[in-house]
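Summary of structural features
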Amino acid sequence: MIHALKTESEYFEAAAAGIKGFEARKNDRPYSPGDYVALNEWNGEKYTGKCTLHKIIYIMSDPEYCKEGYVILGLEQCEIRTRGEARRPVLCGREAPVYERD
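Time to look at the overall build of the protein. Looking only at helices and strands, the protein features one helix and six strands. From first element to last, N terminus to C terminus, the protein shows the α and β order β-α-β-β-β-β-β. Scored against the burial criterion, the 102 residues of the protein give a buried share of 31%. Counting contacts in the protein only where the partners sit at least 6 residues apart, residues at least 24 apart contribute 59% of the total. Accessible surface, the protein as shown: approximately 7200 Å² in total, 50% of it carbon and sulfur.

This brings us to the pattern of salt bridges. Under the criterion given, the structure shown has four salt bridges. Of the charged contacts, one joins Glu23 and Lys20 as a salt bridge, the two residues approaching to 2.4 Å between their closest N and O atoms. Both residues of the pair, Glu23 and Lys20, belong to the buried class. It is possible to trace a salt-bridge network through shared partners that takes in Lys20, Glu23 and Arg25.

Parameters at a glance
- Residues numbered from 1 in each chain as written.
- Predicted model: local features only at pLDDT ≥ 70, side-chain atom pairs only at ≥ 80, totals over all residues.
- Heavy atoms only, no water.
- Helix = DSSP H or I, 4+ residues; strand = E, 2+ residues; numbered from the N terminus.
- Buried < 20%, exposed > 50% of the residue type's maximum accessible area, 1.4 Å probe, protein only.
- Contact = heavy atoms within 4.5 Å.
- Areas by Shrake-Rupley, 256 points an atom, 1.4 Å probe, with all protein chains shown as cover.
- Salt bridge = Lys/Arg side-chain N within 4 Å of Asp/Glu carboxyl O.

And the structure:
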């Protein structure tokens, strides 16, 4: 499952740069390890059209560490590739690919 999430610019940029590998979120969706989150940049007024894709690899919901009704999602960066691109080597870097929507 892919969860499309609105993400403020400051947090989007940190996730896209590979600095922030987690999301603290309201637990209002059926998040599961193996699902994906599409972080869509929101500048406070509108979507910018920038998006990154991350795989959920861990979910923390322990009330000792998380506010009630919230979870922390451990994320791994992903790439979106077409079938033809699947055979090309993928270079591993710290930054996540950022996709522009028209």
